[in-house]
Amino acid sequence: GAVVSQHPSWVICKSGTSVKIECRSLDFQATTMFWYRQFPKQSLMLMATSNEGSKATYEQGVEKDKFLINHASLTLSTLTVTSAHPEDSSFYICSASGLHNEQFFGPGTRLTVL
Amino acid sequence: DAKTTQPNSMESNEEEPVHLPCNHSTISGTDYIHWYRQLPSQGPEYVIHGLTSNVNNRMASLAIAEDRKSSTLILHRATLRDAAVYYCILRERAGSYQLTFGKGTKLSVIP
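Let me begin by describing the structure that accompanies this report. All values derive from a computational prediction rather than experimental measurement.

Criteria and cut-off values
- Residues numbered from 1 in each chain as written.
- Chains lettered and ligands numbered in written order.
- Predicted model: local features only at pLDDT ≥ 70, side-chain atom pairs only at ≥ 80, totals over all residues.
- Heavy atoms only, no water.
- Contact = heavy atoms within 4.5 Å.
- Buried area = accessible area lost by both parts, 1.4 Å probe.
- Salt bridge = Lys/Arg side-chain N within 4 Å of Asp/Glu carboxyl O.
- Nonpolar A, V, L, I, M, F, W, Y, C, P; charged D, E, K, R; others polar.
- Pairing = 2+ DSSP bridges.
- Helix = DSSP H or I, 4+ residues; strand = E, 2+ residues; numbered from the N terminus.
- Buried < 20%, exposed > 50% of the residue type's maximum accessible area, 1.4 Å probe, protein only.
- Patch = residues over 30% accessible without salt bridge, like charges linked within 9 Å, V, L, I, M, F, W, Y side chains within 5 Å.
- Areas by Shrake-Rupley, 256 points an atom, 1.4 Å probe, with all protein chains shown as cover.
- Core = buried A, V, L, I, M, F, W, Y, C linked by side-chain atoms within 4.5 Å.
- Lys, Arg positive; Asp, Glu negative; His and termini not counted.
- Polar contact = N/O pair within 3.5 Å; in protein donor to acceptor, adjacent residues only side chain to side chain.

### A closer look at the interface of chain B and chain A
(1) Moving on: At the junction of the two partners, chain B supplies 15 residues and chain A supplies 19 residues.
(2) Moving on: When chain B packs against chain A, close to 1300 Å² is buried across both sides, 51% of that on carbon and sulfur atoms.
(3) Moving on: Together, B:Tyr97, B:Gln98 and B:Phe101 form the three largest contributors to the area buried by chain B at its contact with chain A, with a combined 37%.
(4) Moving on: Between chain B and chain A we count 0 salt bridges in total.
(5) Moving on: Tallied by class, the residues present in the side of chain B that touches chain A amount to 6 nonpolar, 6 polar and 3 charged.

### Here we look at the sheet that holds strand β7 (residues 70-75) of chain B
All names here are of chain B.
(1) Moving on: Reading across the sheet, the 4 strands line up as β2-β7-β6-β5 and stay open at both edges, with antiparallel pairing between neighbours. A strand with exactly one partner marks an edge of an open sheet, and here the two such strands are β2 (18-23) and β5 (55-56).
(2) Moving on: Pairing of strand β6 (residues 61-64) with β7 involves 4 bridges; the strand directions are antiparallel. Counterpart to Ser61 in the pairing with β7 is Ile74.

### Observations concerning the environment of A:Ala48
All names here are of chain A.
(1) Moving on: Locating Ala48 in the fold gives a position in strand β5 (residues 45-51).
(2) Moving on: On the accessibility criterion, Ala48 (0% relative accessible area) is buried.
(3) Moving on: Not counting residues up to four positions away in its chain, the partners in contact with Ala48 are Met33, Phe34, Trp35, Thr57, Tyr58, Glu59 and Ile69.

### Quick word on a nonpolar patch on the surface
(1) Moving on: Taken together, A:Trp10, A:Ile12 and A:Leu114 make up a surface patch of nonpolar side chains, about 390 Å² in accessible area.
(2) Moving on: Relative to the assigned elements, A:Ile12 resides in strand β2 (residues 10-13).

### Some details on the nonpolar core
(1) Moving on: Residues A:Trp35, A:Phe67, A:Leu79, A:Tyr92 and A:Leu111 are the most contacted members of the largest nonpolar core, which totals 24 residues.
(2) Moving on: Sorting the residues of this core by element identifies β2, β3 (19-25), β4 (32-38), β5, β7 (67-73), β8 (76-81), β9 (90-97) and β11 (109-113) of chain A as the ones contributing at least two each.
(3) Moving on: Core analysis: the second largest hydrophobic core is formed by 20 residues, B:Ile27, B:Ile33, B:Trp35 and B:Val47 among them.

### Concerning the side chain of B:Asp31
Residues and elements named next belong to chain B.
(1) Moving on: Tracing the backbone through its elements, the reader meets Asp31 in strand β3 (residues 31-38).
(2) Moving on: It turns out Asp31 is buried and unbridged, and the closest side chain with the opposite charge, Arg68, is 5.7 Å from it.
(3) Moving on: Among the polar contacts made by the side chain of Asp31, one reaches the main-chain amide nitrogen of Ser28 at a distance of 3.0 Å.

### As for unusual backbone geometry
(1) Moving on: The omega angle of the peptide bond from A:His7 to A:Pro8 is 0 degrees, so this bond is cis rather than trans.
(2) Moving on: Residue placement: A:Pro8 occurs in the loop between β1 (4-7) and β2.
(3) Moving on: A positive phi angle is found at A:Ser83, which is not glycine, with a value near 45 degrees.
(4) Moving on: Tracing the backbone through its elements, the reader meets A:Ser83 in the loop between β8 and β9.
(5) Moving on: At B:Ser41, a position not held by glycine, the phi torsion is positive, near 60 degrees.
(6) Moving on: Take B:Ser41: it is sitting in the loop between β3 and β4 (45-50).

All we've got here are geometric facts, nothing functional implied.
Next comes the structure, spelled out in structure tokens:
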């Protein structure tokens, strides 16, 4: 099956710093990637839809200037959490859409902001 | 997206079959029924999907009611590795690729 990787798998940073998370589709090309956030004991919440070569579409309530998304190639999308604060601590998960609209998820990135 | 309703939690004994129900009474004719599962501290994993007919794959079976207002994910022999949160999601056939996750059913498998 298709494989999606994320890097890093976990990161701890100080408040006010920026953190970049990478999402790669390893063996297929993905024109569309999605970024989700999951707080403890809650379900996944879609943050944004990332299309290769165009601007990301953000869900209501998600600040586009705080969560910068870049999808420069068919195999890589990045999420940068700018000026991170403790309330941004969460599990960030990406997914990539395959040829038949199925979604393949990455293993997630655990962000802890001190 | 049309809404789905699942029990918050279920338990099963190891090596016994598990039937995970999902109600989707407002499903439209073009909605596919998707099931994903999420193991602890991992990203979700695709399990199975269907439209009208029952479906089988190596992981599970999906039984869809004739009126499509409900469906059941069947794990034929639960193992400890099947302990996860199972999400039933409706997705438009020709719509956006995005998935809307509900709360899912947390399945516990008892050895």
